[in-house]
Amino acid sequence: MIPSPIVFLVDVDNTLLDNDRVQNDIKRYLDREFGVASRERYWAILEQLFAELGYRDYLGALQRFRVEHPQDIHLLVMSSYLIDYPFANRLYPGSLDVLERFRSWGQTVILSDGDVVFQPRKVERSGISEAVEGNVLIYIHKEEALDDVERRYPAEHYVLVDDKLRILTAIKTAWRSRVTTVFACQGQYAHDRNTTVACPPADLTVERIGDLLNYDVSALLAANREFLRG
């Protein structure tokens, strides 16, 4: 396969979509339908799974919670709430416009972490999958799947947009001048001071994903000094 001149790799949670608000909505729903104690227990299971798996498995946590309450038929409404959640309402302003702009410059691919049911559902129902013509990659740990990313979407250069400096740093370390890293400073991880202090800055930082509409492709690439020297 001939490499594309440029491929854009874009994260989902807290990059294109306000996942913090999604979490808050889920907590409020749990409070209303099941009470504070149940919400706290469900969230404890969710965090335990996150520690085990490296991503939040909402449906897996619900299944474990159900094992503890096998007679609670009302739990079935929670699965419907998760599957039918209106993710499109939680897109950041300008998200789909940014994807459209990227697509005018080169192939654009969603690169996300997550489970095999809830995360694809989120990408589909939000309209993100359609916006990138179905070019969606979801891994358990995407920074450990770069060989597969390159095999599926070979490119001379990549532009990676993410809200996690840890991920941006790991992929920059692997690909070096071949990737321009863009830090979308949105959400809980972007404002984790421990991470921002521990990691070097990305090639480019924007306060909001929609701010990327103010850049042309040359300006994006110019942020990567190593790329320019090459």
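What this report covers is the structure whose coordinates are included nearby. The model shown is predicted, which means the values in this text are computed figures rather than measured ones.

### Quick look at the environment of Arg 101
Among the structural elements, Arg 101 can be located in helix 5 (residues 95–105). Arg 101 gets classed as partly exposed once you look at its relative accessible area, which sits at 31%. Filtering out sequence-adjacent residues up to four positions away, Arg 101 remains in contact with Leu 213 and Tyr 215.

### Observations regarding the sheet that holds strand 2 (residues 107–113)
Strands sit in the order 3-2-1-4-5-6 across an open sheet of 6 strands; the sheet is parallel. One side of each edge strand has no neighbouring strand; the edge strands of this open sheet are strand 3 (136–139) and strand 6 (204–206). The average angle at which neighbouring strand axes cross in this sheet is 20°, direction not considered. Taken together, the 5 bridges between strand 4 (residues 158–162) and strand 5 (residues 179–184) define a ladder with parallel strand orientation. The residue bridging Asp 162 from the neighbouring strand is Phe 183, located in strand 5.

### Focus: unusual backbone geometry
In this model, Asn 14 sits at a positive phi of 65°, which is unusual for a non-glycine residue. For Asn 14, the position within the fold is in the loop between strand 1 (7–10) and helix 1 (19–34).

### Comments concerning the layout of surface pockets
Counted as a void, the largest pocket has a volume near 500 Å³. In terms of lining, the largest pocket is formed by 30 residues, of which the most central are Phe 50, Gly 54, Arg 56, Lys 164 and Tyr 189. At the level of elements, helix 1, strand 2, helix 6 (118–125), helix 9 (165–175) and helix 10 (187–190) are the ones that each hand at least two residues to the lining of the largest pocket. Here the lining of the largest pocket is composed, by residue class, of 7 nonpolar, 10 polar and 13 charged.

### Focus: the packing of helix 1 against helix 4 (residues 76–83)
With their axes 11 Å apart at the nearest point, helix 1 and helix 4 run at an angle of 160° to one another. Put simply, helix 1 runs roughly antiparallel to helix 4. Read as a crossing pair, helix 1 and helix 4 show a hand that is right-handed. Contacts from Asp 25, Ile 26, Tyr 29, Leu 30 and Phe 34 in helix 1 reach Val 77, Met 78, Tyr 81 and Leu 82 in helix 4. In terms of residue class, the contact of helix 1 with helix 4 is made up of 8 nonpolar, no polar and 1 charged.

### Section: the pairing of strand 2
Burial of strand 2 is extensive: 6 of the 7 residues sit out of reach of the surface. As judged from the 4 bridges shared by strand 1 and strand 2, these two strands associate in the parallel manner. Paired with Val 7 across the two strands is Gln 107, which belongs to strand 2.

### Considerations on helix 5
The complete set of buried residues in helix 5 reads Ser 95, Val 98, Leu 99 and Phe 102. The buried side chains of helix 5 occupy one side of the element, clustering within an arc of 100° when seen end-on. Exposed residues lying more than 90 degrees from the buried face of helix 5 are Glu 100 and Ser 104. Close packing links the buried residues of helix 5 with strand 1, strand 2, helix 7 (128–131), strand 4 and helix 12 (217–222).

### Quick notes on the nonpolar core
Ranked by size, the top nonpolar core spans 46 residues in total, and within it Tyr 42 and Leu 212 carry the most contacts. Filtering out sequence-adjacent residues up to four positions away, Leu 212 remains in contact with Val 98, Phe 102, Val 161, Val 182, Leu 204, Val 206 and Leu 220. Grouped together as the second largest cluster of nonpolar side chains are 24 residues, Leu 111, Ala 155, Leu 160 and Leu 165 included.

### Concerning the side chain of Asp 57
Within the element layout of this structure, Asp 57 appears in the loop between helix 2 (36–53) and helix 3 (58–68). The side chain of Asp 57 sits in the buried core without any salt bridge; Arg 64 is the nearest counter-charge, 7.5 Å away. Every residue in contact with Asp 57, bar those within four places of it in the chain, is listed here: Leu 46, Leu 49 and Asp 115.

### Quick notes on the environment of Val 161
For Val 161, the position within the fold is in strand 4. Separated by 152 residues in the primary sequence, Val 161 and Leu 9 place their C-alpha atoms 6.3 Å from one another. Setting aside residues no more than four positions away along its own chain, Val 161 makes contact with Leu 9, Val 10, Asp 11, Thr 15, Phe 102, Val 182, Ile 209 and Leu 212.

### A short note on the packing of helix 1 against helix 2
Where helix 1 meets helix 2, the closest approach of the two axes is 7 Å, and the angle between their N-to-C directions is 135°. Taken together, the axis directions place helix 1 and helix 2 in an arrangement best described as oblique. You can see that helix 1 and helix 2 cross each other, and the crossing is right-handed. Here Gln 23, Ile 26, Lys 27, Leu 30, Asp 31 and Phe 34 of helix 1 come into contact with helix 2, specifically with Val 36, Ser 38, Arg 39, Tyr 42 and Trp 43. For the contact of helix 1 with helix 2, the residue count by class is 6 nonpolar, 2 polar and 3 charged.

Rules of the game
- What you see as residue numbers is a count from 1 along each chain, following the sequence as written.
- Thresholds applied to this predicted model are a pLDDT of at least 70 for local features of residues and 80 or more for the giving and counting of side-chain atom pairs; totals over whole chains, interfaces and linings are not thresholded and use all residues.
- As a convention, hydrogens and water are excluded, and side-chain values are obtained from all of the structure's heavy atoms.
- Segments assigned H or I by DSSP are reported as helices when at least four residues long, segments assigned E as strands when at least two residues long, and all are numbered from the N terminus.
- Accessible area is worked out with a 1.4 Å probe on protein chains only. A residue is then buried under 20% of its type maximum, exposed over 50%, and partly exposed in between.
- Only heavy atoms matter for contacts: two residues are in contact if any of them lie within 4.5 Å across the pair.
- Strands pair, by our definition, only if DSSP identifies at least two bridges between them.
- An axis is simply a line fitted to the C-alpha atoms; with a helix, the fit covers only the stretch in contact. Between two such axes, the angle follows the N-to-C directions and lies from 0 to 180 degrees.
- In the cavity and pocket records, a cavity denotes points on a 1 Å grid over the protein atoms alone where a 1.4 Å probe fits but cannot get out, a pocket denotes an open set with protein on both sides within 12 Å along at least 5 of 7 lines, and lining residues are residues with an atom within 4 Å of a point.
- Grid points are joined across faces, edges and corners, and a volume is the space filled by probe spheres set on the points.
- Amino acid classes used here: Ala, Val, Leu, Ile, Met, Phe, Trp, Tyr, Cys and Pro are nonpolar; Asp, Glu, Lys and Arg are charged; the rest, including Gly, are polar.
- Working rule for angles: under 35 degrees goes down as roughly parallel, over 145 as roughly antiparallel, 65 to 115 as roughly perpendicular, anything else as oblique.
- A crossing counts as left-handed when the near helix is turned anticlockwise from the far one by less than a right angle, and as right-handed when that turn is clockwise.
- Along the arc lie the directions from the helix axis toward the C-beta atoms.
- Throughout this description, the term nonpolar core refers to a set of buried Ala, Val, Leu, Ile, Met, Phe, Trp, Tyr and Cys residues connected via side-chain atoms within 4.5 Å.
- The charge count treats Lys and Arg as positive and Asp and Glu as negative. His and the chain ends do not count.
- When a carboxyl oxygen of Asp or Glu lies within 4 Å of a side-chain nitrogen of Lys or Arg, that pair is called a salt bridge.

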